[in-house]
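An overview of the molecular structure
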Amino acid sequence: MTLHSPQVPINVDPATGVWTTDNLPMIYMPRHFFINYHSAMEKALGEASYARALWDVGYKSAWQWCQRESATHKLRGLDVFRHYMQRLSQRGWAQFSVQSIDAATGSASIRLDHSVFVLGAGPDAGRKTCYLFASWFPGSLEWAARDEGRSWKLECTEVQCASEGSHDHCLFNTKPV
Ligand SMILES: [Zn+2]
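Residues numbered from 1 in each chain as written. Predicted model: local features only at pLDDT ≥ 70, side-chain atom pairs only at ≥ 80, totals over all residues. Heavy atoms only, no water.

**What about the sheet that holds strand 6 (residues 154-160)?**
How we decide: Pairing between two strands requires that DSSP report at least two bridges joining them. Put simply, DSSP H or I for four residues or longer makes a helix, DSSP E for two residues or longer makes a strand, and each gets a number counted from the N terminus. Angles run from 0 to 180 degrees between N-to-C directions of axes, and those axes are lines fitted to C-alpha atoms, restricted for helices to the stretch in contact. Here, residues are in contact when the closest pair of their heavy atoms is within 4.5 Å.
As summarised here, the arrangement of the four strands in space is 4-5-7-6, forming an open sheet in which the pairing is antiparallel. The open sheet is flanked by strand 4 (95-101) and strand 6, the only strands paired with a single partner. When the angles between neighbouring strand axes are averaged without regard to direction, this sheet yields 20 degrees. Two strands pair when backbone bridges link them, and strand 6 and strand 7 (residues 170-176) are joined in this way by six bridges, in the antiparallel orientation. When the sheet's bridge partners are listed, Glu 155 is paired in strand 7 with Lys 175. Running at roughly 140 degrees to strand 6, helix 5 (residues 136-147) makes contact with strand 4, strand 5 (108-113), strand 6 and strand 7 of the sheet.

**A short note on the packing of helix 3 (residues 78-90) against helix 5**
To keep things clear, this is the line we draw: In what follows, roughly perpendicular refers to angles from 65 to 115 degrees, roughly parallel to angles under 35, roughly antiparallel to angles over 145, and oblique to any angle outside these ranges. Handedness of a helix crossing follows the sense of rotation of the near helix relative to the far helix, less than a right angle counterclockwise being left-handed and clockwise being right-handed. Under the convention adopted here, Pro, Cys and the residues Ala, Val, Leu, Ile, Met, Phe, Trp and Tyr are nonpolar, Asp, Glu, Lys and Arg are charged, and Gly plus all remaining residues are polar.
Here helix 3 crosses helix 5 at 150 degrees, and the two axes come no closer than 7 Å. The orientation of helix 3 with respect to helix 5, classified from their angle, is roughly antiparallel. Read as a crossing pair, helix 3 and helix 5 show a hand that is right-handed. Of helix 5, the residues touching helix 3 (which contributes Leu 78, Val 80, Phe 81, Tyr 84, Met 85 and Leu 88) are Trp 136, Phe 137, Ser 140, Leu 141, Trp 143 and Ala 144. Of the residues belonging to the contact of helix 3 with helix 5, the class tally is 11 nonpolar, one polar and no charged.

**Digging into the coordination of the zinc ion**
Spelled out, the test is: Think of the donor list as every N, O and S atom within 2.8 Å of the metal, or within 3.2 Å for Na, K and Ca; water never makes the list, so a site can look incomplete. Key to geometry: four donors with every angle between 85 and 135 degrees are tetrahedral; four donors are square planar and six octahedral where opposite donors lie over 155 degrees apart and all remaining angles lie between 65 and 115; all other sites are irregular. With a 1.4 Å probe rolled over the protein chains alone, any residue whose accessible area is under 20% of its type maximum counts as buried; one over 50% counts as exposed, and the rest are partly exposed.
Within the protein, Cys 130 (SG), Glu 158 (OE), Cys 161 (SG) and Cys 170 (SG) serve as the donor atoms for the zinc ion, at 2.1 to 2.4 Å. Here the zinc ion binds four donor atoms, and the angle range of 102 to 115 degrees at the metal identifies the geometry as tetrahedral. Between consecutive donor residues of the zinc ion, the sequence gaps follow C-x27-E-x2-C-x8-C. Residue Cys 161 shares its accessibility class with Cys 170, and that shared class is buried.

Next up, the structure:
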């Protein structure tokens, strides 16, 4: 196996130890810590309540990320969404590939390989495990639409998950509400 160095720029402030990528503060952590945290929250709140809370957190964070990265890289509209998918892939969440996107409506299909949740739960968990990602797509796509002077309201579902035991990758679809 050939190992690669990080493909994202990482800077560390010598005075504070704070990590940044594109001037955005980041936290570098072991995957097991994040998965343990996620599993504990899921157990404490119940999957449905936890997923609802995560929806808002993920939506807001995706929107903020797009806003910041658009300014930093002088990118607009759907190019920011594509840049988001690339950066998420480079930061180890999963390998995100946009299978299709309708630039008129926001209907899109995004494939995920090697999702952290599948790596955490295994391929035979018998359920979908990647719901934390669900609002990231509407958050970034609706931001992109607004940047292009349009207004989208999208919903998103993980239609298949590699944790279910019968698929080798995960698939998220967005469509107008
Ligand atoms: Zn999945």
